[in-house]
Structure formats: structure tokens, C-alpha cells
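Below, each chain spelled out in residue letters.
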Amino acid sequence: MRKIVFNETEIQGACERIANELTKDLANDEKIPVFLGVMKGALNFFMDLTKRMEMPIYLDYIQISSYEGTKSTGNVKLLHDLRFDCEGRTVIIVEDIVDTGVSMNYLTKYIQEKYNPKRIIVVTLFDKINARTVPIKIDYSGKVLAQNDFLIGYGLDYKELHRNVPYVYIPDEDEYNELTDLANNS
């Protein structure tokens with residue numbers, strides 16, 4: 001039986017809360033900020049969050065990879081770079097989950113060194129605070145999690161499956177097996 005971690009209503013409430021806080025935080029920026037979605041996992045959160053922003057914003061995305069199956073490899077690969085010039089602008093990195101901090105540490109350093117933004121704001125749907133191996137500052141989070149469970153749904157996947165589920169859950173062993181079979185046989 002799956003355990004629901006964040007239902008649809010809670011997710012949308014978190015998107016509304018964070019968007020309201022960001023709108024206030026960014027109100028005095030001279031340049032239009034750039035919201036940077038970390039693909040693919042953050043796609044749903046990125047879209048639900050940004051459509052609630054009550055100000056002009058630019059949208060772009062970046063794609064990295066550090067996972068194989070349910071485990072982080074510890075090595076971050078850049079698969080797609082952003083295309084927007086964000087020099088002197090506030091960059092808001094929108095991520096699905098920050099656990100070890102390795103990927104976010106890589107991203108913030110990479111963006112700072114290559115693009116020279118005014119500042120970087122880190123937003124994540126889930127902040128797994130007890131999974132950190134690298135210190136990283138999270139500016140806004142939808143939900144802080146003490147446990148380091150593997151999560152699926154609302155952009156978070158297992159072998160590219162169940163990103164379209166509108167809530168986030170912890171799968172049981174039977175579901176892992178079903179998803180593994182499905183992925184291996186399609």
C-alpha cells in the first residue's frame with residue numbers, strides 16, 4: 001500500500017504560499033527575474049509555482065542527472081544548459097527535491113560562475129534535511145522531510161514512470177516490482 005506524503009491540495013497550497021512569498025521577495029528587483037526549472041522532476045512544481053507569480057518573470061530550464069534507479073550516484077551530469085542570459089538578474093532555481101545537496105551545490109556554483117546573476121534563490125518542493133552530505137541553503141520549500149524515503153509522483157519518477165501522478169507517495173515493495181517490470185518490458 002502506498003503512503004501519501006503530499007496530496008494534491010497540500011501541493012497546491014505550498015505552490016500558492018511560496019509564490020506569494022517570492023512575489024514579495026522579488027518586488028524591488030530592477031530586472032525581471034529568471035525562474036529556472038530543473039528538469040524533468042521539477043516540471044509539475046515549476047509550472048504550478050510560476051503560474052501563480054503575480055509579476056513579470058522569465059522561464060528557462062536546465063537538466064542534470066545524478067540518479068540511477070533509486071540512488072544518487074554522487075556525480076552530476078549537465079544534460080541541458082539554460083539559454084537565457086541571467087547576468088545581473090535574480091535566478092530562482094526550482095527543484096523537485098533536495099536531499100544530499102550535491103546536485104544543488106553543483107547547480108548554484110555552475111550558475112554563479114558561468115552566468116554571474118545578481119543572486120540565486122533556491123526553491124524546492126521537498127527538503128530532505130537529514131540526507132545532506134553537502135551544506136546548501138534552501139530559501140523556500142514546500143515541505144521539510146526528516147525521513148529519507150524514496151518518493152514518486154508529481155514529477156518524481158521511478159524509471160521515468162509515475163511523473164504524472166498528481167500527488168507524492170512512498171511506493172511499497174510490490175509497486176517497485178510492478179514498475180520495474182513495466183519499465184523493463186515496454
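Refer to the structure presented above.
Residues numbered from 1 in each chain as written. Predicted model: local features only at pLDDT ≥ 70, side-chain atom pairs only at ≥ 80, totals over all residues. Heavy atoms only, no water.

Participant: What exactly am I supposed to notice about the overall build of the protein chain here?
Facilitator: For the protein chain, the helix and strand inventory stands at four helices and eight strands. In terms of C-alpha radius of gyration, the protein chain reaches 16 Å, essentially the compact-globule figure of 16 Å for 186 residues. Taking the principal axes of the C-alpha coordinates as reference, the protein chain spans close to 50 × 35 × 30 Å. Residues counted as buried form 48% of the 186 residues belonging to the protein chain. Residue pairs at least 24 apart in sequence account for 62% of intrachain contacts in the protein chain once pairs closer than 6 positions are excluded. Accessible area for the protein chain stands at about 9600 Å²; split by element, carbon and sulfur atoms hold 48% of it. Charge centroids of the protein chain, computed over 22 positive and 29 negative side chains, lie 4 Å from each other. (Helix = DSSP H or I, 4+ residues; strand = E, 2+ residues; numbered from the N terminus. Rg over C-alpha atoms; globule rule 2.2 N^0.38 Å. Buried < 20%, exposed > 50% of the residue type's maximum accessible area, 1.4 Å probe, protein only. Contact = heavy atoms within 4.5 Å. Areas by Shrake-Rupley, 256 points an atom, 1.4 Å probe, with all protein chains shown as cover. Lys, Arg positive; Asp, Glu negative; His and termini not counted. Charge placed at Lys NZ, Arg CZ, Asp CG, Glu CD.)

Participant: Just checking my understanding: could you explain the pattern of salt bridges for this structure?
Facilitator: In the structure shown here, the tally under the stated rule is twelve salt bridges. The salt bridge involving Glu21 is made with Arg17; its shortest N-O contact spans 4.0 Å. With Glu21 and Arg17 both in helix α1 (residues 8–26) and four residues apart, the pair spans about one turn of that helix. The partly exposed category is assigned to Glu21, whose relative accessible area is 32%. Salt-bridge contacts for Asp139 lead to Lys137; the nearest nitrogen and oxygen are separated by 2.4 Å. In this structure Asp139 comes out as partly exposed when scored by relative accessible area, which is 26%. When salt bridges with common partners are traced through the structure, they connect Asp25, Asp29, Lys118 and Arg119 into a single cluster. (Salt bridge = Lys/Arg side-chain N within 4 Å of Asp/Glu carboxyl O.)

Participant: I keep staring at the packing of aromatic side chains and nothing clicks. Help me out?
Facilitator: Two measures describe an aromatic ring pair: the distance that separates the ring centres and the angle between the ring planes. The full count for this structure, using the stated rule, is eight aromatic pairs. Arranged with centres 6.3 Å apart and planes meeting at 70 degrees, the rings of Tyr110 and Tyr115 form a pair that is edge-to-face. Comparing Tyr110 with Tyr115, the two get one shared label, buried. Ring plane angle 55 degrees and centroid distance 5.9 Å describe the contact between Tyr167 and Tyr169, whose orientation is recorded as tilted. Note on Tyr169: relative accessible area 0%, which makes it buried. Chaining the aromatic ring pairs together yields one cluster made of Tyr106, Tyr110 and Tyr115. (Phe/Tyr/Trp six-rings, centres within 6.5 Å; stacked < 30°, edge-to-face > 60°.)

Participant: Explanation requested: unusual backbone geometry in the structure shown.
Facilitator: Generally, phi is negative for residues other than glycine and the peptide bonds are trans, each holding for most cases. At the junction of Met39 and Lys40, the peptide bond is cis and its omega measures out at 0 degrees in the coordinates. Mapping Lys40 onto the fold places it in the loop between β2 (34–39) and α2 (43–50). Although it is not a glycine, Asn116 adopts a positive phi angle of roughly 50 degrees. Turning to its location among the elements, Asn116 is positioned in the loop between α3 (102–115) and β6 (119–128). Using a relative accessible area of 42% as the deciding quantity, one classes Asn116 as partly exposed. Even without a glycine there, the phi angle at Glu160 is positive, about 75 degrees. Tracing the backbone through its elements, the reader meets Glu160 in the loop between β7 (140–145) and β8 (168–170).

Participant: What am I meant to see in the nonpolar core here?
Facilitator: Across soluble globular proteins, nonpolar side chains show a tendency to be buried alongside one another. Ranked by size, the top nonpolar core spans 29 residues in total, and within it Leu22 and Phe126 carry the most contacts. Going through the elements one at a time, β1 (3–6), α1, β2, α2, β5 (90–98), β6, β7 and β8 are the ones with two or more residues in this core. With seven residues, the single largest contributor to this core is α1. Within the second largest apolar cluster, 18 residues are counted, among which are Ile62, Val76, Tyr110 and Ile138. (Core = buried A, V, L, I, M, F, W, Y, C linked by side-chain atoms within 4.5 Å.)

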